[in-house]
Every structure is written in structure tokens, then in C-alpha cells.
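Breakdown of the fold
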Amino acid sequence: MEARSVDAIPSGKEWQYEPKWDGFRCLLTRDSGAISMYSKSGQDLARYFPELVAAALTLREKSFVLDGEIVVPVDGRLSFDDLLQRIHPAASRVKKLAEQTPVLFLAFDLLKKGKTELATQPLSKRRPQLEQFATRHFSSKDLFRLSPASLSLKDAERWLTSAGGGSDGVIAKRLDLPYQAGNRDGMQKIKRYQSADCVIGGFRYGENLQVGRKVVGSVLLGLYDADGLLHHVGFSSGIKAKDKLALTEKLEAIKNDRSFTGNAPGGPSRWSTNRSSEWQPVKPKYVVEVSYDHFTGGRFRHGTSILRWRPDKKPRQCTFEQVDQKIDRRLMAAVDI
């Protein structure tokens, strides 16, 4: 069951609202002594989370299918960065990380219990059965938690407003529909988009030529830390074709030997690609305001969109304070984090 991205929270009695967690979506199945865990893309997740496999085998129910999110709690928030580290090829490393950063499974749907298939039932009937399942089998001492849900639009609006530190939006699900496997008809997702002023610290040329010459394909963004170091934090590539030539001339005029004095593109990173070192530094002169959906691990999770240029802003004013994430303590408390 997948979600359709929308701009606003839908309203009406047919909708149930849930937090959108910052983790790995997972279908977890137990069939007697066998546990299987699969991501949305069909990747087998069980080998990476042995502690969750062991916890699932301790539940009194011997046969079930749960839909939920795998998350890593760290210091009262959820850390996607630590979760990414858990996907490691070495068995010894997997075992060590399972001890150092154990995960939780936040369950938000129950598709099968015993011999009873629940996926064909509407969510209005599945959710109460999930809650009964959680009351009987989950505890704050194990790795399974019940993900909150509400019929109140005000709760959904609060979750969206306070997104950060573990949640990154709201999920709305149709109460009157059975589980919509393989389509987006029964679930919508709403993310909270924010903006930040960033320094342009460099650029990459695009692959296509304009009027016989290379033009900018993306700009590289930076933020200053408390020590005055400029760190590479992401990129923006949504540049209109008609603007690329003028932007190229503008940035080529301030080429420099160095720009980022902290973390720079091309350094060791899980986001690195073959083109990570193919970039041109520029003097930290220009500031742009960008729109983003999530900031974690010292950088924007996804590409950003340039909203406007900020000639009124000094580069040194572009600091990490803008992207500090606040935590919804009530939401974290609801899942015992």
C-alpha cells in the first residue's frame, strides 16, 4: 500500500490520520518460527535487524502480518542517519550495530492474525484489531510499538506543524477501503516543506550543452557552523533552461580554488557518487533561499528548490541554526521514545 503525495491534509469523516515516520517501511510476517521482513522495493531486511527478528519470535501470536516502520531512537528522537548505517554487508558489523543502535518497529496496520486475513477488511475494522493486538502483545520493554492514529484533523495539523526529529509529515488513510496493495488510492502523504538561506559554494556542469558550451547543472549549497566553517549541505538542480547560461557566467566569474572549509563534496559519504569530485568551487558570495523537506545528518536529505536569490543577506548569516529540528515530545512519548 503506497501513498500519493498531496499538498494539503484531506478532511472528512472517511479519513484517519497518522504521523509519517522517518524510517524504513517494512512488512513483517511471522509464520510459526519463520520471520520475513521486506521493504517497499522488495528488499529482504531481516538479516540487517536480527534483534527485531528475535523480538518478533517472542510474541505470543504465532502467525501475523504487520505493516509498519523500522526506526532507530537516539537521545529522544529518531535518527535516520543511524538507521542507514544498519544496512551493512558484514555480519560482524550487523551484530555490533544491533547492540549499539537497536531499532523499534512502529506498527500501523495488521493484515493477518492467525488464520484470519484482515487485508480485505476496511481500515475502520483493521485498526481496532491492531490496537487489540498491540495491547495483548506489545510492551514498552520490547521492540514493538503501536503507531498513533487519530480521526481529528487538529491532531494531523499539529503533527505536520511539529514535524522534525523523527517524523516528517502526516499520512492520511481511507477508513472505508480495504488494504490497497500496489496502488495509491487509499493513502495520502503530506510533508512539511521549510526554507533556509544557503551560500552557493560551488556548482557542477550539466551533461547537455547550450549554444555549444557547458552550463551549470546544479549549484552546491553551504551553511556555516559556530566556528565559522562552511559545510557542504546539499544541492539544487531545478534550474530553468533559460536561466542556465546567465547563471553559468555569473558563477564562472567568481571561480575560486576553494570554498567549503568544512565538509566538502567528494569526501567520504554515503551520498557520494562517481561525479562527487567533479565540481567547481566559487567564492562564497551569493545567497539563495531554498525549499526543502528534510534535513538530517548535516545535510538536506533530498535535492532542494531555489525560491529566490537573497542579495540582502550576508553569506555569514547562513548558519545551521536555521535547520535545527524541534521534536514533538508528545508524539515521541506516544511511542515510548
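Okay, so let's go over this structure.

Reading the values: the criteria
- Residues numbered from 1 in each chain as written.
- Predicted model: local features only at pLDDT ≥ 70, side-chain atom pairs only at ≥ 80, totals over all residues.
- Heavy atoms only, no water.
- Helix = DSSP H or I, 4+ residues; strand = E, 2+ residues; numbered from the N terminus.
- Buried < 20%, exposed > 50% of the residue type's maximum accessible area, 1.4 Å probe, protein only.
- Contact = heavy atoms within 4.5 Å.
- Areas by Shrake-Rupley, 256 points an atom, 1.4 Å probe, with all protein chains shown as cover.
- Lys, Arg positive; Asp, Glu negative; His and termini not counted.
- Charge placed at Lys NZ, Arg CZ, Asp CG, Glu CD.
- Disulfide = S-S within 2.5 Å.
- Expected span 1.5 Å × (residues − 1).
- Salt bridge = Lys/Arg side-chain N within 4 Å of Asp/Glu carboxyl O.
- Pairing = 2+ DSSP bridges.
- Polar contact = N/O pair within 3.5 Å; in protein donor to acceptor, adjacent residues only side chain to side chain.
- Phe/Tyr/Trp six-rings, centres within 6.5 Å; stacked < 30°, edge-to-face > 60°.
- Lys NZ or Arg CZ within 6 Å of the ring centre and 35° of its normal.

Another point: the overall build of the chain. A tally of regular secondary structure across the chain gives seven helices and 20 strands. For the chain, the spread of C-alpha atoms along the three principal axes comes to 70 × 50 × 40 Å. Within the chain, the proportion of its 337 residues that are buried is 49%. Within the chain, residue pairs in contact and separated by at least 24 positions form 72% of the contacts whose partners lie at least 6 positions apart. Carbon and sulfur atoms make up 48% of the accessible area of the chain, which amounts to about 16600 Å² in all. With 54 positive and 40 negative side-chain charges, the chain shows a spacing of 1 Å between the two charge centroids.

The full count for this structure, using the stated rule, is zero disulfides. C198 forms no disulfide, and the closest cysteine sulfur to it belongs to C318, at a distance of 6.5 Å.

This next bit is on helix α4 (residues 123-137). Since the α-helix packs 3.6 residues into each turn, any two residues three or four apart lie on the same face. Over its 15 residues, α4 runs 20 Å from end to end, which matches the ideal 21 Å to within 8%, given 1.5 Å per residue. Listed in full, the buried residues belonging to α4 are L123, R126, R127, Q129, L130, F133, A134 and H137. Tucked into the core, α4 has its buried residues touching β2 (15-21), β5 (63-71), β8 (104-113), β10 (144-146) and β11 (167-174).

Applying the stated criterion to the full structure yields 22 salt bridges. Between K191 and D293 there is a salt bridge, with its nearest N and O atoms 3.1 Å apart. Note that K191 is positioned in strand β12 (residues 187-191) and D293 in the loop between β17 (287-292) and β18 (295-296), a separation of 102 residues in sequence. K191 gets classed as partly exposed once you look at its relative accessible area, which sits at 22%. With a relative accessible area of 9%, D293 lands in the buried category. One salt bridge in this structure joins K313 and D197, with 2.6 Å as the shortest N-O distance. In this pair, K313 sits in the loop between β20 (305-309) and α7 (329-334) while D197 sits in strand β13 (residues 194-210), placing the two residues 116 residues apart along the sequence.

This part is about the pairing of strand β4 (residues 34-38). Of the two faces of β4, the one lined by I35 and M37 is fully buried and the one lined by A34, S36 and Y38 carries no buried residue. Across five bridges, the pairing between strand β3 (residues 24-31) and β4 is antiparallel. Pairing of L27 across the sheet is with Y38, part of β4. Hairpin connection between β3 and β4: a loop of two residues separates the two successive antiparallel strands, and S32 in this loop has a positive phi of roughly 60°.

The sequence separation of D293 and T304 amounts to eleven residues, and the corresponding C-alpha distance is 8.0 Å. In contact with D293, not counting residues within four places along its chain, are K191, R192, Y193, Q194 and H302. Within polar-contact distance, the side chain of D293 engages the side chain of K191 at 3.1 Å. Polar side-chain contacts of D293 include one of 3.0 Å to the side chain of H302.

Going through the model one piece at a time under the given rule, you end up with eleven aromatic pairs. Taking 5.6 Å as the distance between ring centres and 55° as the angle between the ring planes, the aromatic pair formed by F260 and W279 counts as tilted. Taken together, the residues span a long stretch of sequence, with F260 in the loop between α6 (241-252) and β16 (280-281) and W279 in the loop between α6 and β16 at a distance of 19 residues. Take F260: its relative accessible area is 3%, and that puts it in the buried class. Consider the rings of F295 and F300, whose centres lie 5.2 Å apart with planes at 80°: the pair is edge-to-face. Look at F295 and you get buried, because its relative accessible area is 8%. Among the aromatic side chains, those forming a connected cluster through ring pairs are F64, F105, F133, F138 and F144. Just above the ring of Y205 sits the side chain of K214; from NZ or CZ to the centre is 4.3 Å. Sitting over the face of the ring of F80, R301 holds its NZ or CZ atom 3.7 Å from the ring centroid.

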